Amino acid sequence: EIPAIILCPQCPTDRVWDNIPDKVKALIDETVAAFSVAPDRILLTGSSMGGYGTWMLGMTYPTLFAAIAPVSGGNMSWRASNLKTTPVIAAHGACDTLVPPVCSELMVDAVNAAGGKAELLLLDGMGHNDAIDYAYRQTDLIDRLLAYRRTDFTPVPEFCHECF
């Protein structure tokens, strides 16, 4: 149904995404090489813990992705300026009590404050799991992601993993 190669890495239960971005990047690189993926078409989305991972990978490798779509996640808003050249479509349930919507709101606001382009689809009346299902099945999130192409491949300084 979706004209894409889809990877679904899972975060180990004893880790968080900020401990393993290099491993996920290596998986992406292997897949890009194996299937001759166009470098301007690499997109990223994930939900809940994967939403956190989406923010983290986008901030760690800011010139890799054509766009990112974190769903019901959040991250370190003070690093969001790394995403100023990466379009962001975030989605979050307005009634999410597991990961409060403010987690996405802070990130989106920080990207926009840095001069980036981020938007938040706040899903009225939805909690955590309902919002995730709705965002992927009932909105145009996937179609919008597929429309993006990366145009800016300007290298940025490498993220220092030991600093955090």
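Going by the structure above, here's the rest.
Residues numbered from 1 in each chain as written. Predicted model: local features only at pLDDT ≥ 70, side-chain atom pairs only at ≥ 80, totals over all residues. Heavy atoms only, no water.

Participant: Looking at this structure, I do not really get the side chain of Arg150. What am I missing?
Facilitator: For Arg150, the position within the fold is in the segment after helix H5 (141-146). Looking at Arg150, its side chain comes within polar contact range of the side chain of Thr85, at 2.8 Å. A polar atom in the side chain of Arg150 sits 3.1 Å from the side chain of Thr86. If we skip the residues at most four places from it in the chain, Arg150 touches Asp40, Pro62, Thr63, Leu64, Phe65, Ala66, Thr85 and Thr86. (Helix = DSSP H or I, 4+ residues; strand = E, 2+ residues; numbered from the N terminus. Polar contact = N/O pair within 3.5 Å; in protein donor to acceptor, adjacent residues only side chain to side chain. Contact = heavy atoms within 4.5 Å.)

Participant: Is there a simple way to think about the pairing of strand S4 (residues 118-123) in this case?
Facilitator: On a regular strand, one side chain projects to one face of the sheet and the next to the other, so that they alternate. Bridging between strand S3 (residues 88-93) and S4 involves six bridges; their strand directions are parallel. Following the sheet pairing, Ala90 is matched in S4 by Leu120. Traced from S3 through helix H3 (residues 102-113) to S4, the parallel crossover comes out right-handed. (Pairing = 2+ DSSP bridges. Right-handed = clockwise from strand over helix to strand, strands pointing away.)

Participant: Whenever I open this one, a nonpolar patch on the surface confuses me. Can you help?
Facilitator: Among the surface-exposed residues, Ile5, Leu7, Leu27 and Phe35 lie close enough to one another that they form a single nonpolar patch of about 360 Å² accessible area. Within the secondary structure, Phe35 is located in helix H1 (residues 21-35). Assessed through its relative accessible area of 54%, Phe35 is described here as exposed. (Patch = residues over 30% accessible without salt bridge, like charges linked within 9 Å, V, L, I, M, F, W, Y side chains within 5 Å. Areas by Shrake-Rupley, 256 points an atom, 1.4 Å probe, with all protein chains shown as cover. Salt bridge = Lys/Arg side-chain N within 4 Å of Asp/Glu carboxyl O. Buried < 20%, exposed > 50% of the residue type's maximum accessible area, 1.4 Å probe, protein only.)

Participant: Looking at this structure, I do not really get the layout of surface pockets. What am I missing?
Facilitator: Left-over empty space is what a probe sized like a water molecule reveals as it rolls over the atoms. In this structure, the largest pocket spans a volume of roughly 1,100 Å³. Looking at the largest pocket, it is lined by 38 residues, and the ones nearest its centre are Ile5, Ile6, Leu7, Leu43 and Thr45. Those elements that provide at least two residues to the lining of the largest pocket are H1, strand S1 (43-47), helix H2 (49-60) and H5. Broken down by class, the residue content of the lining of the largest pocket amounts to 27 nonpolar, nine polar and two charged. (1 Å grid on protein atoms, 1.4 Å probe; cavity = no way out; pocket = protein on both sides within 12 Å on 5 of 7 lines; lining within 4 Å. Points joined across faces, edges and corners; volume = space filled by probe spheres on them. Nonpolar A, V, L, I, M, F, W, Y, C, P; charged D, E, K, R; others polar.)

By themselves, these figures tell us nothing about what the structure is for.
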